[in-house]
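One letter stands for each residue in the lines below.
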Amino acid sequence: MKKKVQFYKYHEPVDFRDTWRIFKIMSEFVEGYQFLSKFKGEVTIFGSARTKPQNKYYKAAVKLGKMLGNNKHTVITGGGPGIMEAANKGAFGTKGESIGLNIELPFEQVLNKFVKKSMGFHYFFTRKVMLTAPSQAFAFFPGGFGTMDEFFEVLDYIDLQKMKKIPVVALGKDYWNPLHDFLKKHSMMSIKALNKEQLDLYKIVDKTEDVYAHVKKTKERLYFSDLSPDQFSTGEAANWRIFRIMAELVEGFEFITDLRNEVTILGSSHLGPDTKYYSQAYDLANRLGKDKYTILTGGGPGIMEAANRGAFDAKTDSIGLLMQYNDKVRKNQYLTKSLSFHFPFTRKLIITAPSLGFVVFPGGYGTLHQTFELLTLMQTGKIGKIPLILFGKDFWQPLAEYLERYFYKKYKTINKEDLDLFQIVDSVDEAVKIIKRVRRKK
């Protein structure tokens with residue numbers, strides 16, 4: 001798959017210091033949690049907005065929505081067309097609820113007519129929190145970049161223990177099995193970023209009844225997740241979590257505002273000094289650092305450590321945005337500045353907000369989640385097109401071939417030009433050349 005040579009212009013980041021923008025973000029959290037706290041037995045259904053009514057997966061989603069609704073479940077979708085419409089259609093008129101959490105896009109996404117109750121969001125990350133936070137199970141149908149973003153986000157949250165282990169069921173073996181094979185061969189066996197227990201966090205099935213068989217085993221549980229609406233009080237007695245979200249956003253945006261010419265480097269924490277990818281991440285960061293670029297990572301071990309180490313040795317700013325795990329922080333020794341976060345969604349927003357470009361080394365659920373989130377944001381026009389460089393052809397090329405064969409050609413969940421949103425490279429020289437095509441900040 002041959003890629004076009006792309007030239008980028010610097011897109012001025014959103015001014016998150018704007019007080020009204022902070023309030024708008026927080027209002028979406030408060031209103032979202034208030035809205036969702038009314039419902040019980042939530043199951044979130046994901047899948048392509050492009051799936052047509054005659055498609056077998058559309059019909060399967062209708063059937064699943066009806067099954068869930070007849071058993072008094074709340075069916076939650078993104079509220080749009082395709083699989084979302086189908087699931088809401090099935091739940092419509094049953095004993096359950098049919099909920100739509102819609103997103104404002106540069107191109108219009110109309111709320112489907114089978115949604116009984118809805119809420120709209122401007123920010124992708126607040127909407128995704130609301131789609132994932134309350135649910136006691138998830139059903140994934142074939143989709144595009146957005147579906148992959150949500151799939152890997154859920155698995156990442158469970159793996160990080162930010163969410164309890166709950167059913168994650170993917171329907172459609174012809175679509176999901178090739179992805180599973182990729183994860184097993186490349187993320188698990190090749191780079192050991194995943195293990196068998198992590199691969200068992202989801203189930204792949206071919207029948208709607210099998211999806212429901214996994215869902216019906218679960219029961220309504222209070223406080224089962226750090227992100228659950230039941231963990232948040234948003235009335236007069238608003239608890240610390242709401243204020244902590246605001247504090248993390250304000251501190252995060254203040255922290256990144258003064259950064260200049262930053263490049264974000266992502267990748268597995270399991271790739272240590274004895275791997276070629278660690279050496280290449282070090283060399284890349286060192287080269288960019290000597291050219292006065294700032295290097296930004298998640299601040300932990302593996303690829304993050306390699307990049308911070310390369311930047312540190314180049315005597316440039318070496319930035320880490322850290323994640324707290326049970327009040328502990330994984331922090332490598334090569335950081336010149338750092339900031340830590342309790343909530344994964346605030347950290348992720350800050351990591352993606354400022355950079356001139358992203359270089360992604362091989363990884364597991366977290367790395368793939370961040371990759372597909374960036375692809376989704378660019379595809380939907382929420383951010384400008386910036387370099388997304390996938391480093392390591394042995395790892396990324398098989399995934400690119402899967403996207404072309406299944407997403408573009410077979411299922412038509414993406415357009416051909418969407419495959420040009422990323423570039424795969426195999427050398428530091430190639431990555432540096434692409435980054436230098438972006439005009440630097442003044």
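Remember, predicted model here, so these are calculated numbers, not experimental data. (Residues numbered from 1 in each chain as written. Predicted model: local features only at pLDDT ≥ 70, side-chain atom pairs only at ≥ 80, totals over all residues. Heavy atoms only, no water.)

1. Overview of the overall build of the protein
Link 1 in the chain: Each helix and strand in the protein was counted, giving 15 helices and 15 strands.
Link 2 in the chain: In the protein, buried positions account for 61% of the 442 residues.
Link 3 in the chain: In the protein, once contacts between residues fewer than 6 apart in sequence are set aside, the share between residues at least 24 apart is 74%.
Link 4 in the chain: When the accessible surface of the protein is totalled, it reaches about 18,300 Å², and 49% of it is carbon and sulfur. (Helix = DSSP H or I, 4+ residues; strand = E, 2+ residues; numbered from the N terminus. Buried < 20%, exposed > 50% of the residue type's maximum accessible area, 1.4 Å probe, protein only. Contact = heavy atoms within 4.5 Å. Areas by Shrake-Rupley, 256 points an atom, 1.4 Å probe, with all protein chains shown as cover.)

2. Digging into unusual backbone geometry
Link 1 in the chain: Its identity as a non-glycine residue notwithstanding, Lys72 has a phi of 65°, on the positive side.
Link 2 in the chain: Take Lys72: it is sitting in the loop between α2 (56-70) and β2 (74-77).
Link 3 in the chain: Residue Asn261 is not a glycine yet carries a positive backbone phi of 55°.
Link 4 in the chain: Take Asn261: it is sitting in the loop between α9 (240-257) and β8 (262-266).

3. A few points about a positive patch on the surface
Link 1 in the chain: On the surface, Lys165, Lys203, Lys216 and Lys217 cluster together into a positively charged patch.
Link 2 in the chain: One can find Lys216 in the loop between α8 (208-215) and α9.
Link 3 in the chain: Residue classification places Lys216 among the exposed positions, given a relative accessible area of 53%. (Patch = residues over 30% accessible without salt bridge, like charges linked within 9 Å, V, L, I, M, F, W, Y side chains within 5 Å. Salt bridge = Lys/Arg side-chain N within 4 Å of Asp/Glu carboxyl O. Lys, Arg positive; Asp, Glu negative; His and termini not counted. Charge placed at Lys NZ, Arg CZ, Asp CG, Glu CD.)

4. Quick word on the packing of α2 against helix α3 (residues 83-91)
Link 1 in the chain: Running from N to C, α2 and α3 cross one another at 35°; their axes reach a closest spacing of 6 Å. For the crossing formed where α2 meets α3, the hand is right-handed. Packed against α2, whose contacting residues are Tyr57, Tyr58, Ala61, Val62, Gly65 and Lys66, the element α3 presents Ile83, Glu85, Ala86, Ala87, Lys89, Gly90 and Ala91 at the interface.
Link 2 in the chain: Looking at the contact of α2 with α3 residue by residue, the classes come out as 8 nonpolar, 2 polar and 3 charged. (Axes fitted to C-alpha atoms, helices over the stretch in contact; angles between N-to-C directions. Left-handed = near helix turned anticlockwise from the far one by under 90°. Nonpolar A, V, L, I, M, F, W, Y, C, P; charged D, E, K, R; others polar.)

5. Considering the pattern of salt bridges
Link 1 in the chain: By the definition in use, this model includes 13 salt bridges.
Link 2 in the chain: Here Lys117 ties to Glu97 by a salt bridge, and the two come within 3.1 Å at their closest N and O atoms. Of the two residues, Lys117 sits in strand β4 (residues 117-121) while Glu97 sits in strand β3 (residues 97-103), which places them 20 residues apart along the sequence.
Link 3 in the chain: Take Glu97: its relative accessible area is 21%, and that puts it in the partly exposed class.
Link 4 in the chain: Put simply, Lys348 and Glu373 hold a salt bridge, and the shortest N to O gap is 3.0 Å. You can see Lys348 sitting in helix α12 (residues 344-352) and its partner Glu373 sitting in helix α13 (residues 365-379), a full 25 residues away along the chain.
Link 5 in the chain: Each of the salt bridges in this network shares a partner with another, and the network as a whole consists of Lys128, Asp149, Glu153, Lys348 and Glu373.

6. Topic: the packing of helix α10 (residues 276-290) against helix α11 (residues 303-313)
Link 1 in the chain: The interhelical angle for the contact between α10 and α11, taken along N-to-C directions, is 35°, at an axis separation of 7 Å. Seen from above, α10 lies across α11 with right-handed handedness. On α11, the residues touching Tyr277, Tyr278, Ala281, Tyr282, Ala285 and Asn286 of α10 are Ile303, Glu305, Ala306, Ala307, Arg309, Gly310, Ala311 and Asp313.
Link 2 in the chain: Partitioning the contact of α10 with α11 into residue classes produces 9 nonpolar, 2 polar and 3 charged.

7. Here we look at the pairing of strand β5 (residues 137-140)
For a regular strand, side-chain orientation follows a simple rule: the groups alternate between the two sheet faces.
Link 1 in the chain: Judged by which residues are buried, β5 turns out to be covered on both faces: Ala137 and Ala139 on one side and Phe138 and Phe140 on the other are all buried.
Link 2 in the chain: As judged from the 4 bridges shared by strand β1 (residues 42-46) and β5, these two strands associate in the parallel manner. For Phe46, the partnering residue across the bridge sits in β5 and is Phe140.
Link 3 in the chain: Of the strand pairs in this sheet, β5 and strand β6 (residues 168-171) are connected by 3 bridges, and their pairing is parallel. In the sheet register, Ala139 faces β6, and the bridge partner there is Val169.
Link 4 in the chain: In this fold, the crossover linking β5 to β6 by way of helix α5 (residues 145-159) has right-handed handedness. (Pairing = 2+ DSSP bridges. Right-handed = clockwise from strand over helix to strand, strands pointing away.)

8. A look at the environment of Arg330
Link 1 in the chain: Locating Arg330 in the fold gives a position in the loop between β11 (328-329) and β12 (337-341).
Link 2 in the chain: The exposure class assigned to Arg330 is partly exposed, which follows from its relative accessible area of 39%.
Link 3 in the chain: Remark: the alpha-carbon pair of Arg330 and Gly299, spanning 31 residues in sequence, is separated by 7.3 Å.
Link 4 in the chain: Non-local contacts of Arg330, meaning those with residues more than four positions away in its chain, are made with Ser269, Gly299, Gly300, Pro301, Leu322, Met323 and Tyr325.

9. With respect to α12
Link 1 in the chain: With 9 of 9 residues buried, α12 lies mostly within the body of the structure.
Link 2 in the chain: Looking only at α12, the buried set comprises Pro344, Phe345, Thr346, Arg347, Lys348, Leu349, Ile350, Ile351 and Thr352.

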